[in-house]
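# Close look at the chain arrangement
Spelled out, the chains give:
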Amino acid sequence: MSQKSAGESEALKMWRDLEAPGVAAFEDLARDAFARLPESFRALCEGLVIRIEDFPTDEVLDEMEAETPFDLLGLFQGIGRAQADAVAHTGQMPNMVFLYRRPILDYWAEHEETLGDVVTHVLVHEIGHHFGLSDDDMEAIEDRAN
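Bear in mind that the values here come from a model prediction, so they are computed numbers and not experimental data.

## Considering the packing of helix 5 (residues 101–110) against helix 6 (residues 115–131)
Between helix 5 and helix 6, whose axes approach to 10 Å, the crossing angle comes to 125 degrees. Between helix 5 and helix 6, the crossing angle belongs to the class labelled oblique. Crossing hand, helix 5 versus helix 6: right-handed. Facing helix 5, whose interface residues are Ile104, Leu105, Tyr107 and Trp108, helix 6 presents Leu115, Val118, Val119 and Val122. Tallied by class, residues from the contact of helix 5 with helix 6 come to eight nonpolar, no polar and no charged.

## Points about the environment of Leu29
Mapped onto the fold, Leu29 is located in helix 2 (residues 23–36). For Leu29, a relative accessible area of 24% puts it in the partly exposed group. Spatially, the C-alpha atoms of Leu29 and Leu115 are 8.6 Å apart, while their sequence positions differ by 86 residues. In this structure Leu29 touches Leu115, Gly116 and Val119, once residues within four positions along its chain are discounted.

## What to know about the packing of aromatic side chains
In this structure the tally under the stated criterion is three aromatic pairs. Aromatic side chains Phe98 and Tyr100 sit 6.2 Å apart centroid to centroid with 10 degrees between the ring planes, which places their arrangement in the stacked category. Exposure class is identical for Phe98 and Tyr100. Each is buried.

## A few points about the nonpolar core
Counting residues in hydrophobic clusters, the biggest one holds 25 residues, and the most contacted among them are Phe26, Leu37, Val97, Leu99, Ile104, Val119 and Ile127. Elements with a contribution of two residues or more to this core: helix 2, strand 3 (96–100), helix 5, helix 6 and helix 7 (135–145). Per element, the largest residue contribution to this core is eight residues, and it comes from helix 6. The contacts of Ile127, once residues within four sequence positions are left out, are Phe34, Leu37, Phe41, Cys45, Leu48 and Val97. Counting residues in hydrophobic clusters, the runner-up holds seven residues, among them Leu61, Met96, Phe98 and Tyr100.

## Considerations on the sheet that holds strand 3
Spatially, three strands are ordered 1-3-2 in an open sheet, and the strand pairing comes out mixed. With partners counted over all chains shown, the strands left at the sheet margins are strand 1 (49–53) and strand 2 (74–77), one partner each. Put simply, the sheet's adjacent strands are angled 20 degrees from each other on average, direction ignored. The sheet contact formed by strand 1 and strand 3 spans five bridges and is parallel. For Ile50, the partnering residue across the bridge sits in strand 3 and is Val97. Along the sheet, helix 5 contacts strand 1 and strand 3; its crossing angle with strand 3, the most-contacted strand, is approximately 50 degrees.

## Overview of the pattern of salt bridges
This model, assessed by the stated rule, comprises five salt bridges. Between Asp17 and Arg16 there is a salt bridge, and its shortest N-O distance comes to 3.3 Å. When its relative accessible area of 44% is taken as the criterion, Arg16 is described as partly exposed. Glu53 is the salt-bridge partner of Arg51, the closest N and O atoms lying 2.4 Å from each other. Residue classification places Arg51 among the partly exposed positions, given a relative accessible area of 36%.

Parameters and conventions
Residues numbered from 1 in each chain as written. Predicted model: local features only at pLDDT ≥ 70, side-chain atom pairs only at ≥ 80, totals over all residues. Heavy atoms only, no water. Axes fitted to C-alpha atoms, helices over the stretch in contact; angles between N-to-C directions. Helix = DSSP H or I, 4+ residues; strand = E, 2+ residues; numbered from the N terminus. Parallel < 35°, antiparallel > 145°, perpendicular 65-115°, else oblique. Left-handed = near helix turned anticlockwise from the far one by under 90°. Contact = heavy atoms within 4.5 Å. Nonpolar A, V, L, I, M, F, W, Y, C, P; charged D, E, K, R; others polar. Buried < 20%, exposed > 50% of the residue type's maximum accessible area, 1.4 Å probe, protein only. Phe/Tyr/Trp six-rings, centres within 6.5 Å; stacked < 30°, edge-to-face > 60°. Core = buried A, V, L, I, M, F, W, Y, C linked by side-chain atoms within 4.5 Å. Pairing = 2+ DSSP bridges. Salt bridge = Lys/Arg side-chain N within 4 Å of Asp/Glu carboxyl O.

As structure tokens, this is what we get:
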């Protein structure tokens, strides 16, 4: 292989020097994705906690019957709005959406989508569980966010 040419493109230099985004960068991506969701949708998410983790816990993997830690990109955990009236609120933990950084990065590497689009898709899908939305409803919200 030859030495770096004097005319190396900026795009090549960017990719050569780029590091995988860490948890803090994913938090920024998730905040940006959430901010781009329709205002009426975001207003309904009051109290929802969004967390970034590298992988799901072993307990989550067992509960979801996942074969590998890369099988889950995200998870809604809590009581969905559709079930909220049927469950007592005393001592209830906040509803949470987990975005799993390493599985999302793995998915991104194997598909022709931007990382921001993948994060938005997973976030909308998991929040959609919070509302009990259909796949078509979630797709429409995602389209409005992009």
